Amino acid sequence: MGASLTRDEAATRAEQIRVEDYRVTVDLSGAQDPANTTFGSEVTVRFTAEEGAETFIDFIHDSVTAVELNGEVLDVDDVVDGSRIRLPELEEANELRVLGRALYSRSGEGLHRYVDPQDGEVYVYTQYEPADCRRVFAVFEQPDLKAGFTFTVITPPEWLAASNGEELVSNPTRDCDVPGAVSHEFAPTQRISSYITTILAGPYTAVRDEWRGTDPHGAAVTIPLALYCRRALAEHMDAEELFTLTKQGLDFFPELFGFAYPWGKYEQAFVPEYNLGAMENPGMVTFTEDYLFPSGATRAQLAGRANTLMHEMSHMWFGDLVTMRWWDDLWLKESFAEFMGAYACVHATQYTDAWVTFALARKEWAYRQDQLRTTHPIVADIVDLDAARQNFDGITYAKGASVLKQLVAFVGEDAFMDACRAYFRRFAFGNTTLDDFLAVLDEACEHDVRAWADLWLRTTGVPVLTVAAGDDAAPASLTQSATPPRPHVLTVGAYARTERADGSGPVRNVERIEVRVPAEDGPVALPGLTGGAESGAVLLANDTDLTYCLAHPDPDSLSGLLELVAEIEDPLARAVAHSQLWAAVRDGRLCPREYVLMVAQRCTGETHAAILTTVLDHARQALGRFVPVSRRTTVRRALLDALGQSMLAAQPGSDAQLILARAFAREAARDGKYALPIQQWLGGEHTVPGLELTPQLRWTMLTAVTATGHSTVSELEAEHAQDPTRDGHLGYLEAVAAMRSDSSKQRAWERIVSGELSNDELSATVEGFQLAAPTVLRRYEEDYFAQLSSWWDTHSMEIATRMVRGLYPRAVEADAASSSPGTDAQQNRVVRATREWLESHEDAPAALRRVVTELLDDAQRAVTLQIMCLSR
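Remember, predicted model here, so these are calculated numbers, not experimental data.

## Here's the deal with the overall build of the protein
Turning to step 1, where the next piece is worked out: On a plain count of helices and strands, the protein comes out with 29 helices and 29 strands.
Turning to step 2, where the next piece is worked out: Rg of the C-alpha trace for the protein: 28 Å, near the compact-globule value of 29 Å for 872 residues, within the 12% margin.
Turning to step 3, where the next piece is worked out: Expressed as a percentage of its 872 residues, the buried residues of the protein come to 61%.
Turning to step 4, where the next piece is worked out: The long-range fraction of contacts in the protein, counting pairs at least 24 apart against all pairs at least 6 apart in sequence, stands at 73%.
Turning to step 5, where the next piece is worked out: On the protein, roughly 31900 Å² of surface is accessible, and the fraction owed to carbon and sulfur atoms is 47%.
Turning to step 6, where the next piece is worked out: When the 77 positive and 128 negative side-chain charges of the protein are each reduced to one mean point, those points stand 5 Å apart.

## Some words on the pattern of salt bridges
Turning to step 1, where the next piece is worked out: Evaluated as defined, the whole model comprises 63 salt bridges.
Turning to step 2, where the next piece is worked out: Residue K399 pairs with D370 through a salt bridge whose shortest N-O separation is 2.9 Å. Of this pair, K399 sits in helix α8 (residues 395-411) while D370 sits in helix α6 (residues 354-370), and the two are 29 residues apart along the sequence.
Turning to step 3, where the next piece is worked out: Exposure remark for K399: the relative accessible area of 0% places this residue in the buried category.
Turning to step 4, where the next piece is worked out: Residue classification places D370 among the buried positions, given a relative accessible area of 4%.
Turning to step 5, where the next piece is worked out: A salt bridge links E798 to R802, with the nearest nitrogen and oxygen atoms 2.8 Å apart. Taken as a pair, E798 and R802 lie in helix α26 (residues 797-806) at a separation of four residues, close to a single helical turn.

## Describing the sheet that holds strand β14 (residues 182-186)
Turning to step 1, where the next piece is worked out: Strands sit in the order β5-β4-β8-β2-β1-β11-β14-β13 across an open sheet of eight strands; the sheet is mixed. Only two strands of the sheet have a single neighbouring strand rather than two, namely β5 (72-74) and β13 (167-172). Across the sheet, the axes of successive neighbouring strands diverge by a mean angle of 15 degrees, strand direction being ignored.
Turning to step 2, where the next piece is worked out: Both strand β11 (residues 148-155) and β14 contribute to a ladder of four bridges, which runs antiparallel. Along β14, the bridge assignment pairs T155 with V182.

## Considering the layout of surface pockets
Turning to step 1, where the next piece is worked out: As a volume, the second largest pocket reaches approximately 540 Å³.
Turning to step 2, where the next piece is worked out: S105, R106, S107, R135 and S796 are the residues nearest the centre of the second largest pocket, which is lined by 21 residues in total.
Turning to step 3, where the next piece is worked out: At the level of secondary structure, the elements contributing two or more residues to the lining of the second largest pocket comprise α22 (742-754) and α26.

## Quick word on the sheet that holds strand β12 (residues 160-163)
Turning to step 1, where the next piece is worked out: The strand order across the open sheet built from four strands is β9-β10-β15-β12, with neighbouring strands paired in antiparallel fashion. The sheet is open, and its two borders are formed by β9 (110-115) and β12, each paired with just one other strand. Each adjacent strand pair in this sheet contributes to an overall mean axis angle of 10 degrees, direction not counted.

## Thoughts on the packing of aromatic side chains
Turning to step 1, where the next piece is worked out: Within this structure, the stated rule accounts for 53 aromatic pairs.
Turning to step 2, where the next piece is worked out: Centre to centre, the rings of F47 and F140 are 5.2 Å apart; their planes meet at 70 degrees, and the pair counts as edge-to-face. Pair noted here: F47 is in strand β2 (residues 38-49) and F140 is in the loop between β10 (122-127) and β11, with a separation of 93 residues, a long-range link. Grouping residues by exposure puts F47 and F140 together as buried.

## What to know about the packing of helix α12 (residues 555-564) against helix α13 (residues 571-586)
Turning to step 1, where the next piece is worked out: For the pair α12 and α13, the least separation of the axes is 10 Å and the interaxial angle reads 115 degrees. Classified by chirality, the crossing of α13 by α12 is left-handed. Packed against α12, whose contacting residues are L558, L561 and L562, the element α13 presents A577, Q580, L581 and A584 at the interface.
Turning to step 2, where the next piece is worked out: Of the residues in the contact of α12 with α13, the class split is six nonpolar, one polar and no charged.

## Some remarks on the side chain of E129
Turning to step 1, where the next piece is worked out: Residue position: E129 is located in the loop between β10 and β11.
Turning to step 2, where the next piece is worked out: E129 gets classed as buried once you look at its relative accessible area, which sits at 12%.
Turning to step 3, where the next piece is worked out: Side-chain polar atoms of E129 contact the side chain of K333, separated by 2.5 Å.
Turning to step 4, where the next piece is worked out: Apart from the residues lying within four places of it in its own chain, the contact partners of E129 are Y195, M279, E280, W327, L330, K333, E334 and F392.

## Concerning empty space enclosed by the protein
Turning to step 1, where the next piece is worked out: In this structure the tally under the stated criterion is four cavities of 30 Å³ or more.
Turning to step 2, where the next piece is worked out: Taken as a whole, the largest cavity holds about 100 Å³ of empty space.
Turning to step 3, where the next piece is worked out: Counting residues per element, the ones that place at least two in the lining of the largest cavity are α6, β29 (550-552) and α13.
Turning to step 4, where the next piece is worked out: Looking at which element gives the most residues to the lining of the largest cavity, the answer is α13, with four residues.

## What to know about the pairing of strand β1 (residues 17-27)
Turning to step 1, where the next piece is worked out: Relative to β2, β1 runs antiparallel, the two being bridged by ten bridges. What sits directly across from V24, in β2, is V43.
Turning to step 2, where the next piece is worked out: Here β1 runs beside β11; their pairing, made up of seven bridges, is parallel. When the bridges of β11 are listed, V24 appears paired with F151.

## A few points about the domain arrangement of the protein
Turning to step 1, where the next piece is worked out: For the protein, the assigned domains read domain 1 (1-203), domain 2 (323-458), domain 3 (466-590), domain 4 (594-675), domain 5 (694-772) and domain 6 (777-871).
Turning to step 2, where the next piece is worked out: The interface of domain 4 with domain 5 comprises ten residues on the first partner and twelve residues on the second.
Turning to step 3, where the next piece is worked out: Here domain 4 packs against domain 5, burying approximately 830 Å² in sum over the two surfaces, 71% of which is carbon and sulfur.
Turning to step 4, where the next piece is worked out: Inspection of the domain 4/domain 5 interface yields zero salt bridges.
Turning to step 5, where the next piece is worked out: Remark: the boundary between domain 4 and domain 5 carries zero residue pairs in polar contact (both at pLDDT 80 or more).
Turning to step 6, where the next piece is worked out: At four residues, helix α17 (residues 655-667) tops the list of elements feeding residues into the side of domain 4 that touches domain 5.
Turning to step 7, where the next piece is worked out: In terms of residue class, the side of domain 4 that touches domain 5 is built from five nonpolar, one polar and four charged.

Rules and cut-offs
- Residues numbered from 1 in each chain as written.
- Predicted model: local features only at pLDDT ≥ 70, side-chain atom pairs only at ≥ 80, totals over all residues.
- Heavy atoms only, no water.
- Helix = DSSP H or I, 4+ residues; strand = E, 2+ residues; numbered from the N terminus.
- Rg over C-alpha atoms; globule rule 2.2 N^0.38 Å.
- Buried < 20%, exposed > 50% of the residue type's maximum accessible area, 1.4 Å probe, protein only.
- Contact = heavy atoms within 4.5 Å.
- Areas by Shrake-Rupley, 256 points an atom, 1.4 Å probe, with all protein chains shown as cover.
- Lys, Arg positive; Asp, Glu negative; His and termini not counted.
- Charge placed at Lys NZ, Arg CZ, Asp CG, Glu CD.
- Salt bridge = Lys/Arg side-chain N within 4 Å of Asp/Glu carboxyl O.
- Pairing = 2+ DSSP bridges.
- Axes fitted to C-alpha atoms, helices over the stretch in contact; angles between N-to-C directions.
- 1 Å grid on protein atoms, 1.4 Å probe; cavity = no way out; pocket = protein on both sides within 12 Å on 5 of 7 lines; lining within 4 Å.
- Points joined across faces, edges and corners; volume = space filled by probe spheres on them.
- Phe/Tyr/Trp six-rings, centres within 6.5 Å; stacked < 30°, edge-to-face > 60°.
- Left-handed = near helix turned anticlockwise from the far one by under 90°.
- Nonpolar A, V, L, I, M, F, W, Y, C, P; charged D, E, K, R; others polar.
- Polar contact = N/O pair within 3.5 Å; in protein donor to acceptor, adjacent residues only side chain to side chain.
- Domains from an automatic or database assignment.
- Buried area = accessible area lost by both parts, 1.4 Å probe.

Below is the structure:
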């Protein structure tokens, strides 16, 4: 990777120059030949500057053959320094031409080239955020140097190409690497940041439509629509559903924001080996092709895709139209888009329960991140691009969106949306900071939003709200623990069973009050609420999920939630209750073993797909990380038996049946007792009515029996021959790496560290490798810590991060440290080795140290919870 641009350098460069436009030509005519590792890149950029100033342009390249500034040919050896090209003695008006060759990527960064294992076709696409545009052409790579971009993409003759702008013309060309190529020329963009420019090329299938409507002023508008995917996936691209969602978004957002969609066409491409869920390139959004479902999808998966689609569409305003000046204010686009994705789903689509998934799944990401020592304020201190890469995290996305949801409750929905409309009118096509948004919000409401921002956006940590049940002498109360205390607007509800004559009945809200918690210490009375053992009701703080907090139920309510959570009728309140139980596990207030058994006994009959998926994921995490190794077999079998029985009892063909089957197959990889029934399913000896053994489910099952020593390489190869798809290829890699023999693990390790695997191939192989007994995995711990720095230095950040996180020792066992339940987590072998690495590598790159520090925090928590569980 090239030099990491600092915030100070970016500020200096922004003061020196203003970019007018870029004309970019990328020659992909040789992309079909795997021997061609590079492609031609030519850019001409016009910009103004302080006369006599000197600056630089960014280009991570294979070679630079020409640099011409204002008609003068510069000495390449003199001006090219790594990923920077020095530009001396600038004039007031400048024209720069850079000619060179850039590298195809297999890491998902820059211009990624993918070879379809099913038909051998080659597909390419770009992904830049935050600063990988410079891997494709020379560019002033920072968000506040916006410009117009005009792209020309040269491809093999049978390929299509797409970019941000409309394709104007395509003609044969001789000016290319491989004869017979076609040149695709695209319309210039409006002024945008470089990281949201994009190129797509290959034999993609395209489906087209259009949206017709009116802009906020009543004028008729037609927006061309398109969907792209690999040919092999074309039959699985549910275009009708995707176009319906797209049109619903285009109906909704321009009216909500009072600003017409500004980018002409709206295209969406589903691409392979994508590192993100999606990217908001104006005019052509890119998505992971995991959002196409050849093996079927639950409603939770479809709702997740709809949420991402709306998230990206909201970026057309938050992020693309108005862009943060520097990555400190990344929240100005990602927090807003995370909030708006759920908000739009609720108000504009069939997925009206989006806040349920947000409360239980997305916020858990924030809570975990905010409890690490590497946490940071929502408005972060981003000193350079490496730091920016690390901050696409649970704080920026989920905590930021949670805090925005609280802001809406604090100032009112109308005032918040009025501020958004004013923000777009005032700063369209420009760059902003936090102060700019606060200025329009200040005008739209009567609350002290700057004090609110200081307490919520510039602080770290999760506020804890503890509920105490009342009695005849005193009402129930709520107490905040946070440094500093923060203002909250939330609801607290009482939940009790509404019994029928036979004693059964759902658990419903019987009382609820809205509470405004001031930014100060001290209990807040909850008049009128009763709870506790005598009342039979449990108190559930934040039951409508308005604020961001860890809510600690009183002891009676915590016990009550364990008994009643699965029967709470309202899905949002049920999700909040599940979230509070999971937080109690992670914080050591609820035994992990007790939690897993609760899920096994009471929750496998859950009917809400998103809740069932997340709760089962939590149970498997608690089992694999927090339950002591010596007690896992018994608890795991209780969970697996419950999953199997519930799967058989579920409605045939239902979401619940599929979710339970997937969880069963994944967990069975840890226990060979279940290999025989899985083999019988795979062989067709037994069937589960309504459960289709799709290729994805078959590979999960094959991996399970392989990991427990009940499959052979020849069986895996035979299955692979029957399934040559991308999913089949990745499933095969994971299953082979899961084989139990020492030689198989060694081969998997060697492939992982060799650098020969693409991003997704690497992750699949790592997952299979980690399916092994602790005694096997311990053999690699010394190599892991010895090679960390080398991996970081010799791979791109994406690949290095996958290696460092994926290969971190997972055999973190309290039992192995000592048989004494009181053993300190610091004495655990893995914890100690991680801490020693950090102490001896204080000069390691900050981004690497952050990753390792987070892994250490997770390991310490795991050991601490195991020790607690052993003591009970």
